[in-house]
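Structure assessment
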Amino acid sequence: QVQLVESGGGLVQAGGSLRLSCAASGSIFSIDVMAWFRRAPGKQRDLVAAITRAEAINYAGSVKGRFTISRDNAKNTVYLQMNSLEPEDTAVYYCAADPSSYVDSRSTMYDYWGQGTQVTVSS
């Protein structure tokens, strides 16, 4: 079994930056792809970015050029550096992981999920 714990969320003004972290524990060698999803109230959970152990990467079009996903396999941790934040980025951000090696945009393809961390961007 795999456990994922997110950290780094908070309140920031538009144009600011935040760095999210997600630490994996448990059967960590059973996972390959790790990803960030986000969910705003009343909306579905959508992909923000995904990265495989081989560092294949997939970004949502709305965050390209502003967000950067990275991972440290030795630390079993994935990061999301968020720059030039906009009010539209306000959401609960979830870390996800799966044994597959695909940067899939479908939330149903990920077996393991963190508890989420709130990101609020004020205007």
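This text follows the structure it describes.
A brief report on the enclosed structure follows. Treat the numbers as computed from the prediction; the structure is a model and nothing was measured.

**Quick notes on the overall build of the protein**
- Across its full length, the protein holds zero helices and eleven strands.
- For the protein, the N- to C-terminal ordering of α and β elements is β-β-β-β-β-β-β-β-β-β-β.
- On C-alpha atoms alone, the protein measures out to a radius of gyration of 13 Å, which is about the 14 Å that the 2.2 N^0.38 rule sets for 123 residues.
- If you line up the protein on its principal axes, its C-alpha atoms span 40 × 25 × 25 Å.

**Here we look at the pairing of strand 7 (residues 67–72)**
- Taking every second residue as pointing to the same face, the buried face of strand 7 carries Phe67, Ile69 and Arg71, while none of Thr68, Ser70 and Asp72 on the other face is buried.
- Pairing geometry for strand 7 and strand 8 (residues 77–82), over six bridges, is antiparallel. Paired with serine 70 across the strands is tyrosine 79, a residue of strand 8.
- What sits between strand 7 and strand 8 in their antiparallel hairpin is a turn of four residues, with asparagine 76 showing a positive phi close to 55°.

**Some details on the nonpolar core**
- In terms of nonpolar packing, the biggest core is built from 30 residues, with Leu4, Met34, Trp36, Leu80, Met82 and Tyr93 touching the most fellow members.
- For this core, the elements supplying multiple residues, two or more each, are strand 1 (2–7), strand 3 (18–26), strand 4 (33–39), strand 5 (46–51), strand 7, strand 8, strand 9 (91–98) and strand 11 (117–122).
- Among residues more than four places away in sequence, those in contact with leucine 4 are Cys22, Ala23, Ala24, Met34, Cys95, Ala96, Ala97, Tyr112, Trp113, Gly114 and Gln115.
- Core analysis: the next-biggest nonpolar cluster, separate from the first, contains seven residues, Val33, Ala35, Phe37 and Ala50 among them.

**What to know about the side chain of arginine 38**
- Mapped onto the elements of the fold, arginine 38 is located in strand 4.
- Take arginine 38: its relative accessible area is 15%, and that puts it in the buried class.
- A distance of 2.8 Å separates polar atoms of two side chains, one belonging to arginine 38 and the other to tyrosine 93.
- In this view, arginine 38 contacts Gln44, Arg45, Asp46, Val48, Ser62, Val63, Phe67, Glu88, Asp89, Ala91, Val92 and Tyr93; residues no more than four positions away in its chain are not counted.

**Side note on the packing of aromatic side chains**
- A complete count under the given rule lists three aromatic pairs for this structure.
- Considering the side-chain rings of phenylalanine 37 and tryptophan 113, the 5.1 Å spacing of their centres and the 55° angle between planes classify their relative orientation as tilted. Placement of the pair is phenylalanine 37 in strand 4 and tryptophan 113 in strand 10 (residues 112–113), with a sequence separation of 76 residues.
- Residues tyrosine 110 and tryptophan 113 carry aromatic rings whose centres are separated by 6.4 Å and whose planes lie at 70° to one another, so their mutual orientation is edge-to-face.
- Arginine 45 extends its terminal NZ or CZ atom over the ring of tyrosine 94, reaching a point 3.8 Å from the ring centre.

**A look at the environment of alanine 14**
- For alanine 14, the location among the structural elements is in the loop between strand 2 (10–13) and strand 3.
- The exposure class of alanine 14 is partly exposed, given its relative accessible area of 43%.
- Spatially, the C-alpha atom of alanine 14 lies 5.0 Å from that of glutamate 86, the residues being 72 residues apart in sequence.
- Filtering out sequence-adjacent residues up to four positions away, alanine 14 remains in contact with Leu85, Pro87, Val121 and Ser122.

Basis of the calculations
- Starting from 1, residues in each chain are numbered consecutively following that chain's sequence as written.
- Given that the model is predicted, a residue must reach a pLDDT of at least 70 before its local features are reported, and side-chain atom pairs must reach 80 or more before they are shown or counted; all residues, however, enter totals for whole chains, interfaces and linings.
- Heavy atoms throughout the structure, all of them, feed into the side-chain values; hydrogens and water do not.
- For helices the rule is a DSSP run of H or I covering at least 4 residues; for strands it is a run of E covering at least 2, with both sets numbered from the N terminus onward.
- Radius of gyration: C-alpha atoms only; globule rule: 2.2 Å multiplied by the number of residues to the exponent 0.38.
- Here's how the labels work: a residue is buried when its accessible area is under 20% of the maximum for its type, exposed when over 50%, partly exposed in between, all with a 1.4 Å probe on protein chains only.
- In short, DSSP must find at least two bridges between two strands for them to pair.
- In these notes, a set of buried Ala, Val, Leu, Ile, Met, Phe, Trp, Tyr and Cys residues joined through side-chain atoms within 4.5 Å is what counts as a nonpolar core.
- Residue contacts are counted whenever heavy atoms from the two residues lie within 4.5 Å of one another.
- Side-chain atoms alone can form a polar contact between residues adjacent in sequence; in general such a contact is a pair of N or O atoms within 3.5 Å, and within protein one must be able to donate a hydrogen while the other accepts it.
- When two rings of Phe, Tyr or Trp (its six-membered ring) have centres within 6.5 Å they constitute a pair, described as stacked for plane angles under 30 degrees, edge-to-face for angles over 60, and tilted for the intermediate range.
- We call a charge positioned over a ring when the NZ of a Lys or the CZ of an Arg lies within 6 Å of the ring centre and within 35 degrees of the ring normal.

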